[in-house]
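One-letter residues, chain by chain:
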Amino acid sequence: MLEFLTGSGLAAAAGMNAYIPMLAVGLANRFFPEAMALPDGWAWISNWWVLGILAVLLVVELVADKIPAVDSVNDVIQTIVRPTAGGLVFGSSSTASTVAVTDPAEFFASNQWVPIVVGAVIALTVHVGKTAMRPAANIATAGAAAPVISTIEDVGAIGMSLLAIVAPVLVLLGLLLLGLLSWSIWRNARKRRNADLRPATARIAERDDSERLTPEG
């Protein structure tokens, strides 16, 4: 059960930012192996070269996700990256073997693929919600919300990753808070967009009324 909660928390974090949970897993395994002991097949995640590449990709992601319009393009690209990362972190925190399988038949027959698929689905679900919410917030605020929401998501990914590793029993609470926060941001963005559209609609209606009341000729 704890492995499932840990994997779920890490996969949800990957849906917000693919590289934060992977870095968290790799660094935790390297410096705190008693808290995150990876199976031998997943030890590559804590390799210094892998951690360095993840750190560079994280910097690119942090910048791109805070620029209006660029963030939407980045989300399209991340549609593949985030679910993949979610599958990797879920699989690495469970008893699944490495994805570099030498015997694919044995890999599928033993259901070792299940944790990876579950993690990918969780990350994809979070990613889809994030991707759907961001354009509405950008339109409602003329792009001003992009860096704010992105920073909130980054903090959420860090917090969820730490909860998953240190206190997995609190992951359910973290997921609940994440859902409530996302719904609140989406609702406020929708209200603001409707408020911005209402004056324009009212002006058009008033103009049409005045045209109807003006005598011809």
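Let me begin by describing the structure that accompanies this report. (Residues numbered from 1 in each chain as written. Predicted model: local features only at pLDDT ≥ 70, side-chain atom pairs only at ≥ 80, totals over all residues. Heavy atoms only, no water.)

**Considering helix α2 (residues 19-31)**
The terminal C-alpha atoms of α2, which comprises 13 residues, lie 18 Å apart, in line with the 18 Å expected from a rise of 1.5 Å per residue. Looking at α2, one finds that the buried residues are Y19, I20, P21, M22, L23, A24, V25, G26, A28 and N29. (Helix = DSSP H or I, 4+ residues; strand = E, 2+ residues; numbered from the N terminus. Expected span 1.5 Å × (residues − 1). Buried < 20%, exposed > 50% of the residue type's maximum accessible area, 1.4 Å probe, protein only.)

**Digging into the side chain of N74**
Following the sequence through the fold, N74 ends up in helix α4 (residues 70-92). According to the relative accessible area criterion, N74 is buried, its value standing at 9%. Those residues within four positions of N74 in sequence are excluded, and the remaining contacts are E61, A64, D65 and R82. (Contact = heavy atoms within 4.5 Å.)

**What to know about the pattern of salt bridges**
Evaluated as defined, the whole model comprises five salt bridges. Of the charged contacts, one joins K130 and D65 as a salt bridge, the two residues approaching to 3.1 Å between their closest N and O atoms. In this pair, K130 is assigned in helix α6 (residues 114-141) and D65 in the loop between α3 (48-64) and α4, connecting sequence segments 65 residues apart. The exposure class of K130 is buried, given its relative accessible area of 4%. Among the ionic pairs, D75 bridges to R82, the shortest N-O distance being 2.9 Å. For the pair shown, D75 and R82 are each scored as buried. (Salt bridge = Lys/Arg side-chain N within 4 Å of Asp/Glu carboxyl O.)

**Points about the environment of A11**
Inspection of the secondary structure puts A11 in helix α1 (residues 2-16). C-alpha of A11 to C-alpha of L88: the two residues are 77 residues apart in sequence and 8.3 Å apart in space. Once residues lying within four places of it in the same chain are set aside, the contact partners of A11 are G86, V89, F90, G119, I122 and A123.

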